[in-house]
Amino acid sequence: MVSRRGSSGGPDPVALIEIDLYGDLMIAASTAVEERLSFDRIDEVLRVRRRPPSGAEGDVDG
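Within each chain, residue numbers correspond to sequence positions counted from 1 in written order. In keeping with the model being predicted, local features are shown solely for residues with a pLDDT of at least 70 and side-chain atom pairs are shown and tallied solely at 80 or more, while totals for entire chains, interfaces and linings include all residues. Computation of side-chain values: all heavy atoms of the structure, hydrogens and water removed.

## Thoughts on helix 1 (residues 13–31)
Part 1 of the reasoning: Given a rise of 1.5 Å per residue, 19 residues ought to cover 27 Å, and the 27 Å separating the end C-alpha atoms of helix 1 matches this to within 8%.
Part 2 of the reasoning: A 3.5 Å cut-off defines polar contacts: any pair of N or O atoms within that distance qualifies, except that in protein one atom must be a possible hydrogen donor and the other a possible acceptor, and neighbouring residues in sequence count only when both atoms are side-chain atoms. Numbering of helices and strands starts at the N terminus; helices are DSSP runs of H or I of at least 4 residues and strands are runs of E of at least 2. Where helix 1 begins, the capping side chain belongs to Asp12, and its oxygen is found 3.1 Å from the backbone nitrogen of Val14. Expected helix span is taken as 1.5 Å per residue step, with the number of steps being one fewer than the number of residues.

So this is what it looks like as structure tokens:
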């Protein structure tokens, strides 16, 4: 078997995380009632928290 350049022989941890997240999205899409997942639902599945826009948290100019 030929080893790929840069391969350490073990699984790529980033690739494994991406595969897991992709699987979560596929499961959510397959169980969704709507035709497409909304951006909010995708963020929920991927556990993404949106930051408030700058200035929204009581920033005071001056």
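## Overview of the pattern of salt bridges
Here the idea is simple: oppositely charged side chains can pair when their charged atoms come close.
Part 1 of the reasoning: Here, a salt bridge means any Lys or Arg side-chain nitrogen found within 4 Å of an Asp or Glu carboxyl oxygen. This structure, assessed with the given rule, holds 2 salt bridges.
Part 2 of the reasoning: Its salt-bridge partner being Arg47, residue Asp24 comes within 3.9 Å of it at the nearest N-O pair. Taken together, the residues span a long stretch of sequence, with Asp24 in helix 1 and Arg47 in the segment after helix 2 (39–45) at a distance of 23 residues.
Part 3 of the reasoning: Two residues, Arg41 and Glu44, come together in a salt bridge whose shortest N-O distance is 3.0 Å. With Arg41 and Glu44 both in helix 2 and 3 residues apart, the pair spans about one turn of that helix.

## Examining the environment of Ser38
Part 1 of the reasoning: Structurally, Ser38 can be placed in the loop between helix 1 and helix 2.
Part 2 of the reasoning: Among the polar contacts listed, one links the side chain of Ser38 to the backbone nitrogen of Arg41, at a separation of 3.0 Å.

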